[in-house]
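The primary structure of each chain is shown beneath.
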Amino acid sequence: TAAAETKTEEAGGDILTRIASAIKRGQQKKLLALIDEALNDGVDAQDILSGGLVVGMNELGEDFSANRAFVPEMLIAARCMAAATAVLKPHMVSEDGSSRSIGSACIGTVLGDLHDIGKNLVKIMFEGSGIEVYDLGADVPPEKFIQTAKEHNCDIIACSSLLTTTMQEMRQIVELAKQAGIRDTTTIMVGGAPISQSFCDEIGADIYTPDAASAARAAVKVLTA
Ligand code: B1M
């Protein structure tokens, strides 16, 4: 594919490097076999995610920026990511079997934005932490977040954005929460590649976290405070 020549390229490297290379190249069968191998070797699922899958995705993003990869390659990699996440999910969540919920959250990717991989990871980590999740999917209008939060009395509204052109939708979510009278009782969490602590502060959201694991930790802290 056009996404060829880059750092992860040759498969002689360690297992995480090979995983990064396989997802970047869209080699699903090989990817799943490597993940299996890594898990059997005792590699932590979180390390497979952050040190392999996310690294490969980021490199693909760089290739896309440099016109070495195109939308079809990103779509294929996204499909690989979904398959890989399904395998990793049971290894990422706590296995104590408790179904007791510590609170609830609605989650979605903001309006105009179709990137849902990061959002899905946050969902997995939330659920694994005992949080009941209403998943609104991607391309979610601000009103839908508010309506769902009101309807289900959600403690948390969690929004993801991957595009600099869509991140401003989060400002609207904060605004609508105020208008709906739920701002003081709802924690608004934001995240995604272009989001930062300063953007979170600027729009008046409550919590920014850089990744899914820290999002779940922060949510648990809020819900058990
Ligand atoms: Co797109 N895309 N994409 N893309 N894509 C990016 C985001 C981009 C950075 C690539 C690049 O140019 N380098 C770029 C955005 C540039 C910008 O805004 N400045 C881009 C572009 C331009 C586009 C299109 C406009 C391309 C086009 O059509 N010309 C288009 C837009 C479509 C739309 O949304 N309207 C588009 C389309 C797509 C696909 C559909 C093909 C596909 C997405 C498929 C899918 O999600 N189902 C895709 C992909 C795969 C990517 C890259 C390569 C990978 C994204 C990803 O899944 N990363 C991406 C490049 C990159 O990110 N480096 C790129 C892995 C994932 C685990 O990371 O989602 O960041 P991420 O989640 C992280 C953290 O951000 C965080 O936790 C996760 C880690 O644990 N996190 C949260 C996420 N949400 C959180 C919420 C929280 C807390 C943490 O609290 C609530």
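Residues numbered from 1 in each chain as written. Predicted model: local features only at pLDDT ≥ 70, side-chain atom pairs only at ≥ 80, totals over all residues. Heavy atoms only, no water.

**Notes on the nonpolar core**
Keep this limit in mind: Nine residue types can take part in a nonpolar core, namely buried Ala, Val, Leu, Ile, Met, Phe, Trp, Tyr and Cys, and a core is a set of them joined through side-chain atoms within 4.5 Å. Each residue gets one of three labels from its accessible area relative to the maximum for its type: buried under 20%, exposed over 50%, partly exposed in between, using a 1.4 Å probe on protein chains only. The numbering of helices and of strands both runs from the N terminus, where a helix is a DSSP run of H or I of at least 4 residues and a strand a run of E of at least 2. Residues are treated as being in contact if the distance between any of their heavy atoms lies within 4.5 Å.
If you look at the biggest cluster of nonpolar residues, it comprises 41 residues, and the most contacted ones within it are I19, L31, I35, L53, L88 and F126. Looking at this core, the element that brings in the most residues is helix α9 (residues 212-224), giving seven residues. Residues contacting I19, with those up to four places away along its chain left out, are L31, L34, I35, A38, I48, G52 and L53. Within the second largest apolar cluster, 23 residues are counted, among which are C106, V110, V140 and A149.

**Digging into the site of the ligand**
Defined as follows: For each residue, the test is whether any non-hydrogen atom lies within 4 Å of the molecule or strand; if one does, the residue is near. Counting of polar contacts relies on pairs of N or O atoms within 3.5 Å, with two restrictions inside protein: one atom must be capable of donating a hydrogen and the other of accepting it, and residues adjacent in sequence are counted only when both atoms are side-chain atoms. When residue character is reported, Ala, Val, Leu, Ile, Met, Phe, Trp, Tyr, Cys and Pro are called nonpolar, Asp, Glu, Lys and Arg charged, and the others, Gly included, polar.
Taken together, 36 residues form the shell around the ligand, and within it S65, L114, H115, D116 and S160 come nearest. In the model, a nitrogen atom of the ligand is placed 2.8 Å from a nitrogen or oxygen of the S160 side chain. Take A212: an N or O atom from its main chain is 3.0 Å from an oxygen atom of the ligand. Of all the elements in the fold, those that place two or more residues in the shell around the ligand are α3 (45-65), α4 (71-92), α5 (117-128), β3 (156-160), β4 (187-191) and α9. Broken down by element, the shell around the ligand gets its largest block of residues, six residues, from α3. When grouped by side-chain class, the residues that make up the shell around the ligand number 22 nonpolar, 11 polar and three charged.

**With respect to the coordination of the cobalt atom of the ligand**
Let me state the cut-off plainly: Coordinating N, O and S atoms are those within 2.8 Å of the metal (3.2 Å for Na, K and Ca), and as water is not part of the atoms, a site may appear to have fewer donors than expected.
Exactly one protein atom donates to the cobalt atom of the ligand; that atom is H115 (NE2), 2.2 Å from the metal. Relative to the assigned elements, H115 resides in the loop between β1 (103-109) and α5.

**Concerning the pattern of salt bridges**
Using the following cut-off: Whenever Lys or Arg places a side-chain nitrogen within 4 Å of a carboxyl oxygen from Asp or Glu, that contact is recorded as a salt bridge.
All chains considered together, the criterion is met by nine salt bridges. D135 is paired through a salt bridge with K123; the nearest N and O atoms lie 3.3 Å apart. Of this pair, D135 sits in strand β2 (residues 131-135) while K123 is found in helix α5, placing the two residues 12 residues apart along the sequence. Under the relative-accessibility criterion, K123 is labelled partly exposed at 23%.

**Considering the environment of N120**
Topologically, N120 is positioned in helix α5. Note: C-alpha distance between N120 and S214 (94 residues apart in sequence) is 14 Å. A polar side-chain atom of N120 sits 2.7 Å from a polar atom in the side chain of K119.

**What about α5?**
Heads up, the rule is: A helix is expected to span 1.5 Å for every residue after the first.
Between the first and last C-alpha of α5 there are 17 Å, a value that for 12 residues agrees with the 16 Å anticipated at 1.5 Å per step. Looking at α5, one finds that the buried residues are K119, L121, V122, I124, M125, F126 and G128. Positive phi shows up at G130, right after α5, with a value of about 90 degrees.

**Brief notes about the side chain of T166**
Inspection of the secondary structure assignment puts T166 in the loop between β3 and α7 (169-179). Residue T166 is classed as buried on the basis of its relative accessible area, which comes to 5%. With sequence-adjacent residues up to four places away left out, T166 is seen in contact with V110, L111, G112, D113 and S161.

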